[in-house]
Structure formats: C-alpha cells, structure tokens
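# Report on the structure
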Amino acid sequence: MRLRHIKGAEELIANNRFVIQEPKAMRGSWHSVFSDAASEQIIKDPATLHMGEDSSRIDEPLIHPLHIEVGTGKGRFITELAAANPDIDYIGIENHSSVLLKAVKKLEDRDLPNLRFILMDAIAIEEVFAPGEVDRIYLNFSDPWPKERHAKRRLPSRQFLARFHNILRDEGIIEFKTDNRELFDFALDELKLSDFVLIDKTYDLHNDDRMNAGNIMTEYEERFSSIGNPICKYVIRRR
C-alpha cells in the first residue's frame, strides 16, 4: 500500500515530546522515561495528590511491565491499550513519519503518561532495548513483503523472531494479527525454526469468542473485517 507523505512530518515528529528522539540512549533504562512522564503528570495536575499525601513519591521509580507494538500505524490500538492499562508502559514503533504523526496526534488528545513513540526501523530493535527489557510485543497487520526474496523483512520471520527473543524477558509474549492468510501460514512455519512455542491461534478471530475477548481493533482490522476478511491471530511465548 502506497503511503501518502505529509509535508513537514519529520520536523513535527522531531519536536514532539511524545516521541523519543534518541532511543538508543535509553537502552536498559526505559522505566526512567515513564517515571519522568508520570511525575510530570502529577506536577501538572496537583489534584492527583490527595490531601496529606507525601509529594516526594513523584521521585520514586515506577517500574511497570513494558509492552511494545512494532508497526504502530495510526496508533489506535496502542493508545486504547495504554488508556485501559495505566500500570503497563507502552512504546509504539513506526518507520514512517507521516503515519506516526497521526498516532502522535491521538496521544496529544489523551496525554497518557504510559505511552511514548519511536520513529525507527525495527531491524535496529536490539540497539534500543536491552536483553529481557520487554514483556510483550504486538505485531498488527504487518507489511507482508510478498516477494520471496524479502521474506526476512517480514516481522514474523525467523530473523525478526530471533531479535524479539533477545529483548523479551523469560517467557515473554508475542501477539500477531493479520488478515493475510499467506503471511499467517508463513508465520506459523517460521515458528518451527524459532525459540518460541505456540500458545494459541485462530484463523477467524472475530468469531472466536475466547480469543476475541478484550480484543482492541486497529484501523486496518476494522477496515478488513468490514469487507469480510477473517482475521488470523497467534499468541506465542519465548522458551
């Protein structure tokens, strides 16, 4: 799908407080980003401090589970997740500035202290997150890279699974959704060559009451399901 470039998107992203500008510098210490964000939120809204409460708590480190979405798109999925789960920290990774700008605008409307974004190519993910730093990874409607010579660029490929394995904690989780059946079958085959085990899968998420419980739809998911495309999903765990 061809992406429409938004003039000035790079500059707007580069000056936005919700986008981490030097993510490699945060490797191994991402909790500090969210501790600072939570402190800023408290200071900005003193009503969040109850009468007689010790305001020094804003200096205490807040170490929450860290979940990331690789290919965050327009940001609907991760923004709704962050709003629903304030005790989990979220990072959305996107490689296209014009797309990420739309996600950032959603966050500007909500100002969630537990959500931040990175503009980067996911191939460098091990340079940004340290071993065992991430608890869960979401892959939603990833680019299928249909040409066989581009197979290693697919996010559920064995090459990317190895990268994800290195940054996930022991028994960390990956959730993958797509409407592309060929990509899903490829992803299942790649699992056999990885250090992950399959926990669950479905070929029709929206008609699977168990796996669809609590599902948050992405913009693509809503569009594809509205025209009758079944949504495939798997959940896998790091060995």
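## Quick notes on unusual backbone geometry
- The backbone of D111 shows a phi angle near 50°, a positive value even though the residue is not glycine.
- If you trace the backbone, D111 turns up in the loop between α4 (97-110) and β3 (115-119).
- For D111, a relative accessible area of 14% corresponds to the buried category.
- Unlike most non-glycine residues, E171 shows phi in positive territory, near 65°.
- Note that E171 resides in strand β5 (residues 168-178).

## Regarding the sheet that holds strand β2 (residues 89-94)
- Spatial ordering of the open sheet is given by β3-β2-β1-β4-β5-β7-β6, a layout of 7 strands whose pairing is mixed. Looking at strand neighbours, the two that pair on one side only are β3 and β6 (196-202), the edges of this open sheet. On average, each strand axis in the sheet is tilted by 20° relative to the strand beside it, whichever way the strands run.
- Packing against the sheet, helix α3 (residues 76-84) makes contact with β1 (66-70), β2, β3, β4 (134-140) and β5, and its axis sits at approximately 175° to β2.
- Sheet contacts for α4: β2 and β3; angle to β3, the most-contacted strand, approximately 165°.

## Brief notes about α3
- Turning to α3, its buried residues are F77, I78, T79, L81 and A82.
- Elements in contact with the buried residues of α3: β1, β2, α4, β3, β4 and β5.

## Observations concerning the packing of aromatic side chains
- For the structure on display, the rule yields 9 aromatic pairs.
- Each ring, one from F184 and one from Y203, has its centre 5.5 Å from the other, and the planes form 85°; the classification is edge-to-face. Here the residue F184 occupies a position in helix α6 (residues 181-191), and Y203 occupies one in the loop between β6 and α7 (209-212), the gap between them amounting to 19 residues.
- Put simply, the rings of F176, F184, Y203 and Y234 touch in pairs and so form one group of aromatic residues.
- Sitting above the plane of the F186 ring, R154 keeps its charged end 4.5 Å from the centroid.
- The ring of F160 has R163 lying over it, and the distance from NZ or CZ to the ring centre is 4.6 Å.

Rules of the game
- Residues numbered from 1 in each chain as written.
- Predicted model: local features only at pLDDT ≥ 70, side-chain atom pairs only at ≥ 80, totals over all residues.
- Heavy atoms only, no water.
- Helix = DSSP H or I, 4+ residues; strand = E, 2+ residues; numbered from the N terminus.
- Buried < 20%, exposed > 50% of the residue type's maximum accessible area, 1.4 Å probe, protein only.
- Pairing = 2+ DSSP bridges.
- Axes fitted to C-alpha atoms, helices over the stretch in contact; angles between N-to-C directions.
- Contact = heavy atoms within 4.5 Å.
- Phe/Tyr/Trp six-rings, centres within 6.5 Å; stacked < 30°, edge-to-face > 60°.
- Lys NZ or Arg CZ within 6 Å of the ring centre and 35° of its normal.

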